[in-house]
Amino acid sequence: MSPSAPTRLTTTRTVDALKPRPTRYAVPDGNVAGLDLRVYPDGRKVWTLRYRADGQQRRLKLGEYDRVTLAD
């Protein structure tokens, strides 16, 4: 679902260039372990953080890209 190599999501140009696909996909950030930007078919982009708790992988939604910016 995600690209083979992590992308450095460091500029708005990089994030804005991510286009929707028929199915949701996640783009891992190359700078912060576990940080992903999920791109939905309707064009929404949502920051999430993958982490482990009690041996289980979990995902925390941090917010939509238009509300949570790169500077945040």
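Shown above is the structure to which this text applies.
Definitions and limits used
- Residue indices follow the written sequence of each chain, beginning from 1 at its first position.
- Per-residue local features are limited, in this predicted model, to residues with pLDDT of at least 70; the limit for side-chain atom pairs, both in listing and counting, is 80 or more; totals at the level of whole chains, interfaces and linings are taken over all residues.
- Calculation of side-chain values draws on the structure's entire complement of heavy atoms; hydrogens and water are dropped beforehand.
- Salt bridges are defined by distance alone: a side-chain nitrogen of Lys or Arg within 4 Å of a carboxyl oxygen of Asp or Glu.
- Put simply, DSSP marks the helices as runs of H or I at least four residues long and the strands as runs of E at least two long, and each gets a number from the N terminus on.
- Relative accessibility decides the category of a residue: with a 1.4 Å probe and only protein chains considered, values under 20% of the type maximum give buried, values over 50% give exposed, and everything between is partly exposed.
- In this description, contact between two residues means that some pair of their heavy atoms is separated by no more than 4.5 Å.

Student: Help me understand the pattern of salt bridges, please; the structure alone is not making it clear to me.
Tutor: Where charged atoms of side chains with opposite charge meet at close range, the side chains can pair. Tallying each qualifying case throughout the model produces three salt bridges. A salt bridge links Asp36 to Arg50; the nearest nitrogen and oxygen atoms lie 2.7 Å apart. Placement of the pair is Asp36 in strand β2 (residues 35-39) and Arg50 in strand β3 (residues 45-53), with a sequence separation of 14 residues. For Asp42, the salt bridge is made with Arg44, and the minimal N-O distance between the two is 3.1 Å. Because the salt bridges share partners, they merge into one network encompassing Asp36, Arg50 and Arg59.

Student: Help me understand the environment of Lys61, please; the structure alone is not making it clear to me.
Tutor: Of note, Lys61 is situated in strand β4 (residues 56-64). Taking relative accessible area as the criterion, Lys61 reaches 56% and is therefore assigned exposed. Each C-alpha atom, one on Lys61 and one on Leu49, is 6.6 Å from the other, the two residues being 12 residues apart in sequence. Setting aside residues up to four positions removed in sequence, Lys61 forms contacts with Val46, Trp47 and Thr48.

Student: Teacher, can you tell me more about unusual backbone geometry here?
Tutor: Apart from glycine, the bulk of residues carry a negative phi angle, and the bulk of peptide bonds sit in the trans form. Despite not being glycine, Asp54 has its phi angle at roughly 55°, a positive value. Structurally, Asp54 can be placed in the loop between β3 and β4.

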